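Below are the chains, spelled out letter by letter.
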Amino acid sequence: MENSNQSVPNRFFLLGLSTVPHLQVLGFLVFVVIYIITLSGNCLLLFTVRISPKLHTPMYFFLSNLAFIDICFSSTILPVILVNTIYKDKSISVGGCVIQMFCALLLGATECVLLSVMSYDRFAAICRPLHYSSIMNMRFCIILALIPWIAGFVNSSIQVPITWRLPFCRSHHINHFFCEVPAFLKLSCRDPLLNEIAMYTAAGTIVLFCFLLTFISYVYIISTLLKLRSSQGKQAAFSTCVSHLTVVTLYYGTIMFNYTQPRSSQPRESSKTVSVLYTVVIPMLNPVIYSIRNKDVKKCIRQTLQRKVRLSKSILT
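Residues numbered from 1 in each chain as written. Predicted model: local features only at pLDDT ≥ 70, side-chain atom pairs only at ≥ 80, totals over all residues. Heavy atoms only, no water.

1. A word on the UniProt feature "transmembrane region" (unreviewed entry) in the protein
Our working rule: UniProt positions are given in the numbering used here, feature names are shortened, and annotations may be inferred rather than shown by experiment. Secondary structure elements follow DSSP: runs of H or I no shorter than four residues count as helices, runs of E no shorter than two count as strands, and numbering proceeds from the N terminus.
With numbering matched to this structure, UniProt assigns "transmembrane region" (unreviewed entry) to residues 25–47, 59–87, 99–120, 140–158, 197–223, 235–255 and 275–292. This span, residues 59–87, is 97% helix and 0% strand, and a straight line between its end C-alpha atoms measures 42 Å. From the first C-alpha to the last, residues 99–120 spans 32 Å; its make-up is 100% helix and 0% strand.

In structure tokens:
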């Protein structure tokens, strides 16, 4: 009987964000709007960068990578939330849970490292402007873009297998809206100390390294900006830096909150709220914070729309 209780079940049940009917309806509508904004904003950024030669620069190359990650991240989490909100059957297969956990860890860590890579790009652009084109050549940009994916893949390849080696006999109902590692550690009937150490080590190493790289980059960036005589150039550079720091602070802070706190000191509801921020809200805000408010991007979008309007008028006439 003990062995059967400790075996991995065929399905788990995601309890979601709320069990109150009217809140579920409201949540469904809100998440549909968020998903539409996330997809449209990030797809618009990818399309604009792709068709605008002016935006074929390292900065927008990394922003395109960020947009792609955000599309994948949202598509890993939000469809499951929407389906579980409208259907009574809130179960998810073990295979589906494993895939979702792997993808979430992969994309989360990849975005974390990519944000620090983008800070290095801003450092090279602002502090080494004369050597920027030689430093950030296409080959080096591709290498820098691959590093986050490698780090994310290694992180997932370690975390997911050791998580699924645990016996889940306390409950098969997950008090969460997706298959996240901290929620699964609470279901184990065996002390998951080694899993917690691995999780804290991975999260701490990735986030700490990324934070230090970002911090050092911005120490140099801010000191360089303060020396600029042109107020217009200083304002434009500060605007870009503030946007990046806003996303970095939100993203690193929320991930550290969920992945480096002991299970006993982490309230379940606050954990779910924080997870919503970095899996749902931040991917929606990234294209707005980084690009849609950027003058170059808005100008390229406006020119593209004007060309399409002129082309449509010429076809009609």
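2. As for the state of the cysteines
The cut-off we apply is this: We call a pair of cysteine sulfur atoms a disulfide when they lie within 2.5 Å. Here's how the labels work: a residue is buried when its accessible area is under 20% of the maximum for its type, exposed when over 50%, partly exposed in between, all with a 1.4 Å probe on protein chains only.
Throughout the structure, instances matching the rule amount to 1 disulfide. Sulfur-sulfur distance for the disulfide between cysteine 97 and cysteine 179 comes to 1.8 Å. Judged by the sign of its S-S torsion, about -110°, the bond between cysteine 97 and cysteine 179 is left-handed. Taken together, the residues span a long stretch of sequence, with cysteine 97 in helix H4 (residues 94–127) and cysteine 179 in the loop between strand E3 (173–174) and helix H7 (181–185) at a distance of 82 residues. Given the relative accessible area of 1%, cysteine 179 is considered buried.

3. Structural notes on the nonpolar core
Let me state the cut-off plainly: Residues belong to a common nonpolar core when they are buried Ala, Val, Leu, Ile, Met, Phe, Trp, Tyr or Cys residues joined through side-chain atoms within 4.5 Å. Any two residues whose heavy atoms approach within 4.5 Å are treated as being in contact.
Counting residues in hydrophobic clusters, the biggest one holds 76 residues, and the most contacted among them are Phe12, Phe62, Leu115, Trp164, Phe184 and Tyr251. Sorting elements by how many residues they give to this core places H4 first, with 14 residues. Here phenylalanine 62 is in contact with Leu114, Val117, Met118, Asp121, Met136, Cys141, Leu144 and Ala145, once residues within four sequence places are set aside. Counting 7 residues, the second-largest nonpolar core is a separate cluster that includes Phe123, Ile126, Tyr218 and Cys241.

4. Structural notes on helix H6 (residues 138–163)
Residues lying three or four places apart along an α-helix face the same way, a consequence of the helix completing one turn every 3.6 residues. We count it as follows: A helix is expected to span 1.5 Å for every residue after the first.
Helix length check: H6, at 26 residues, gives a terminal C-alpha distance of 38 Å against a target of 38 Å (1.5 Å per residue), a fit within 8%. Buried positions along H6 lie against helix H3 (58–86), H4, H7 and helix H8 (193–227).

5. Considering a nonpolar patch on the surface
What counts is decided by this rule: Within this analysis, patches are made of residues with over 30% relative accessible area and no salt bridge. Like charges are joined at 9 Å or less; nonpolar side chains (Val, Leu, Ile, Met, Phe, Trp, Tyr) at 5 Å or less. Only the protein chains shown count as covering a residue, and every accessible area follows the Shrake-Rupley method with a 1.4 Å probe. Take a side-chain nitrogen of Lys or Arg and a carboxyl oxygen of Asp or Glu: if they are within 4 Å of each other, that pair is a salt bridge.
Taken together, the side chains of Met138, Ile142, Leu146, Ile150, Phe153, Val154 and Ile158 make up a nonpolar region of the molecular surface, amounting to roughly 670 Å² of accessible area. If you trace the backbone, valine 154 turns up in helix H6. In this structure valine 154 comes out as partly exposed when scored by relative accessible area, which is 43%.

6. Focus on the side chain of aspartate 70
With respect to the secondary-structure elements, aspartate 70 resides in helix H3. Leave out the neighbours within four places in its chain, and aspartate 70 touches Thr38, Asn42, Glu111, Pro283 and Asn286.

7. Looking at the sheet that holds E3
As a reminder, the rule being used: Note on pairing: DSSP must find at least two bridges between two strands before they are called paired.
The 3 strands are arranged E2-E1-E3 in an open sheet whose pairing can be described as mixed. Since the sheet does not close on itself, it has two edges, and those belong to strand E2 (91–93) and E3, each with one partner. Sheet topology note: the strand E1 (residues 11–14)/E3 ladder contains 2 bridges and is parallel. Bridge pairing in E3 links phenylalanine 13 to histidine 173.

8. Quick look at the environment of methionine 256
If you trace the backbone, methionine 256 turns up in helix H9 (residues 231–259). The partly exposed category is assigned to methionine 256, whose relative accessible area is 30%. For methionine 256 and alanine 203, which are 53 residues apart along the polypeptide, the C-alpha to C-alpha distance reads 7.2 Å. Contact partners of methionine 256, with chain neighbours within four places excluded, come to Ala203, Val207 and Gln261.

9. Remarks on the packing of aromatic side chains
Condition: Ring pairs are drawn from Phe, Tyr and Trp, using the six-membered ring of Trp, whenever the two centres fall within 6.5 Å, and their geometry is named by plane angle: stacked under 30 degrees, edge-to-face over 60, tilted for the rest.
Using the criterion set out here, one finds 15 aromatic pairs in the structure. With a centroid separation of 5.9 Å and an interplanar angle of 80°, the aromatic rings of phenylalanine 102 and phenylalanine 153 are classed as edge-to-face. Of this pair, phenylalanine 102 sits in helix H4 while phenylalanine 153 sits in helix H6, placing them 51 residues apart in sequence. Classification of phenylalanine 102 by relative accessible area gives partly exposed; the value is 22%. The interplanar angle of 50° and the centroid separation of 5.2 Å between the aromatic rings of phenylalanine 177 and phenylalanine 178 together place this pair among those described as tilted. You can call phenylalanine 177 buried: its relative accessible area is 2%. Accessibility expressed as a relative area gives 1% for phenylalanine 178, which makes it buried.

10. Considerations on the confidence of the model for the protein
The condition is simple: Known as pLDDT, the predictor's per-residue confidence is scaled from 0 to 100.
Averaged over the protein, the pLDDT score is 84; the fraction of residues at 70 or greater is 85%. Put simply, helix H1 (residues 2–6) is where the protein has its lowest mean pLDDT, 44, and H6 is where it has its highest, 95. Under a pLDDT of 50 for its full length, residues 1–5 has, in the predicted model, 2 contacts with residues more than four places off or in other chains.

11. Overview of the pattern of salt bridges
For the structure on display, the rule yields 1 salt bridge. The shortest N-O distance in the salt bridge between arginine 122 and aspartate 121 comes to 3.0 Å. For aspartate 121, a relative accessible area of 2% puts it in the buried group.

12. Examining empty space enclosed by the protein
To keep things clear, this is the line we draw: Buriedness of a pocket was judged along seven lines, with at least five required to meet protein on both sides within 12 Å; pockets are open sets of points on a 1 Å grid over the protein atoms alone, cavities are sets where a 1.4 Å probe fits but cannot get out, and lining residues have an atom within 4 Å of a point. Grid points are joined across faces, edges and corners, and a volume is the space filled by probe spheres set on the points. We call Asp, Glu, Lys and Arg charged. Ala, Val, Leu, Ile, Met, Phe, Trp, Tyr, Cys and Pro are nonpolar, and the rest, Gly among them, are polar.
For the structure on display, the rule yields 4 cavities of 30 Å³ or more. Of the volumes computed, that of the largest cavity is approximately 230 Å³. Taken together, 21 residues make up the lining of the largest cavity; nearest its centre are Leu105, Ala109, Asn155, Ile255 and Tyr259. Listing elements by their share of the lining of the largest cavity, those giving two or more residues are H4, H6, H8, H9 and helix H10 (268–292). When the residues that make up the lining of the largest cavity are grouped by side-chain class, the tally is 16 nonpolar, 4 polar and 1 charged.

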